[in-house]
Amino acid sequence: MMGSAVSKAKLNGPTRERILFEASFLFARRGYHATTTRELAEAVGIRQPSLFHHFESKAAIAEALLNWDLGQILPYAQALASRKGSAAVRLYTYLIHDLRHLTLAPYNLNGIYAEDVMGDPAFARWAKRRIELHSVVERIVRQGMEAGELVVMRSDVVREAVAGIVTRALSLYSGRRQSTDLSDQIASLVLRGVLADPSRLDEVRRAAHAGLDKAAERVR
């Protein structure tokens, strides 16, 4: 599932960040429920009581990782769905943003999206938010179909295809710090498959990247 084995570089920085970093890899390797707080503390190089100084529980660590991902991606996608303008550009923008977020992540997020975590009542609100994210993406897809930009087909099929591709990218590359070019290639593959006129792909990509560049300039 994780592709070829790679060595993770140790994350230097505040203890809280090192806890999240080590926990993400332990959750991915051993599973969330099988990982103990003692193992987490040992991986970080701190005593167990020190771990609880930063996070009150193992669940709080998992929630922090989920918030780092879903807590950022969901409002971003919601904002895109509410904007005017080309739905194809907005769909590509969502894809490139989400894929960069996942493939450039310092954390390995596979463990927190495992079925036993998403199906755990303790994380029900995050499972609900994940479903909401997929629904928001489907809304952008429907907007594109209605505007004639995207091929008319069942929007739920496109939604599941997009979710499947993003999930596969997460399973292969999360925590491995891939290049931004990889994200662009995956996003372009998806857009090429759903554009009513595939020859518009470069035009859509340019418009999306121009918007991303402007957003980056505003942050600086």
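Before reading further, recall that the structure is shown in the block above.
None of these values were measured; they are calculated from a predicted model. Residue positions within a chain follow its written sequence, with the count starting from 1. Local features in this predicted model are restricted to residues of pLDDT 70 or higher, and side-chain atom pairs are both shown and tallied only at a pLDDT of 80 or more, whereas totals for entire chains, interfaces and linings draw on every residue. Excluding hydrogens and water, the side-chain values take into account all heavy atoms of the structure.

**Q** Help me understand the overall build of the protein chain in this model?
**A** Tallying secondary structure elements over the protein chain gives 10 helices and 0 strands in all. Reading the helices (α) and strands (β) of the protein chain from amino to carboxyl end gives α-α-α-α-α-α-α-α-α-α. Along the first, second and third principal axes, the C-alpha set of the protein chain runs to 60 × 35 × 35 Å. Three exposure classes are used, based on accessible area relative to the maximum for each residue type with a 1.4 Å probe and protein chains only: buried under 20%, partly exposed in between, and exposed over 50%. Per-residue burial over the protein chain gives 45% buried out of 220 residues. If the 31 positive side-chain charges of the protein chain are averaged to one point and the 24 negative ones to another, these points end up 3 Å apart. Numbering of helices and strands starts at the N terminus; helices are DSSP runs of H or I of at least 4 residues and strands are runs of E of at least 2. When charges are tallied, Lys and Arg are placed among the positive residues and Asp and Glu among the negative ones, while His and the ends of the chain are skipped. Throughout, a charge is located at the NZ atom of Lys, the CZ atom of Arg, the CG atom of Asp or the CD atom of Glu.

**Q** Honestly, helix α1 (residues 15-30) in this entry has me stumped. Any pointers?
**A** For the α-helix, the turn length of 3.6 residues means that residues three or four positions removed from each other point alike. A helix is expected to span 1.5 Å for every residue after the first. Taking 1.5 Å of rise per residue, 16 residues should cover 22 Å, and α1 covers 22 Å from first to last C-alpha, within 8% of that figure. Of the surrounding elements, those touching the buried residues of α1 are α2 (37-44), α3 (48-54) and α4 (58-82). Note on α1: the residue one or two positions beyond its end, Gly31, has a positive phi of about 100°. Residue contacts are counted whenever heavy atoms from the two residues lie within 4.5 Å of one another.

**Q** Is there a simple way to explain the environment of Ile46 in this structure?
**A** In this fold, Ile46 is placed in the loop between α2 and α3. Those residues in contact with Ile46 that lie beyond four places of it in its chain are Thr15, Ile19, Ala41 and Leu51.

**Q** How should I be thinking about the nonpolar core in this particular structure?
**A** The tendency in soluble globular proteins is for nonpolar side chains to be buried as a group. Judged by nonpolar contacts, the single largest core of 68 residues is most densely connected at Phe27, Ile61, Leu91, Tyr94, Leu95 and Leu191. When residues of this core are assigned to their parent elements, the largest contribution, 12 residues, is made by α4. Not counting chain neighbours up to four residues away, the residues in contact with Leu91 comprise Val137, Ile140, Val141, Leu150, Leu191 and Val194. To form a nonpolar core, buried Ala, Val, Leu, Ile, Met, Phe, Trp, Tyr and Cys residues must be joined to one another through side-chain atoms within 4.5 Å.

**Q** Mind showing me how you'd approach helix α7 (residues 124-146) here?
**A** For α7, which comprises 23 residues, the first-to-last C-alpha distance of 33 Å matches the rise-based estimate of 33 Å (1.5 Å per residue) to within 8%. All buried positions along α7 are accounted for by Trp126, Ala127, Leu133, Val136, Val137, Glu138, Ile140, Val141, Gly144 and Met145. Lining the buried residues of α7 we find α4, α5 (87-103), α6 (115-118) and α8 (155-173). Gly148 sits one or two positions beyond α7 and adopts a positive phi of about 80°.

**Q** Which parts of the structure should I look at to understand the packing of α5 against helix α9 (residues 180-194)?
**A** Between two packed helices, both the angle of their axes relative to each other and the distance between the axes serve to describe the pair. Throughout, an axis means a line fitted to C-alpha atoms (over the contacting stretch in the case of helices), and angles, computed between N-to-C directions, take values from 0 to 180 degrees. Contact geometry of α5 with α9 gives a least axis separation of 9 Å together with a crossing angle of 145°. α5 and α9 meet at a crossing whose hand is right-handed. Taking contact as the criterion, the partners of Ala88, Leu91, Tyr92, Leu95, Ile96, Leu99, Arg100 and Thr103 in α5 are, on α9, Thr180, Leu182, Ser183, Asp184, Ile186, Ala187, Ser188, Val190, Leu191 and Val194. Note on residue categories: nonpolar means Ala, Val, Leu, Ile, Met, Phe, Trp, Tyr, Cys or Pro, charged means Asp, Glu, Lys or Arg, and polar means any other residue, Gly included. Along the lines of polarity and charge, the residues of the contact of α5 with α9 split into 12 nonpolar, 4 polar and 2 charged. Note on convention: the crossing is left-handed when the near helix lies turned anticlockwise from the far helix by less than a right angle, right-handed when the turn is clockwise.

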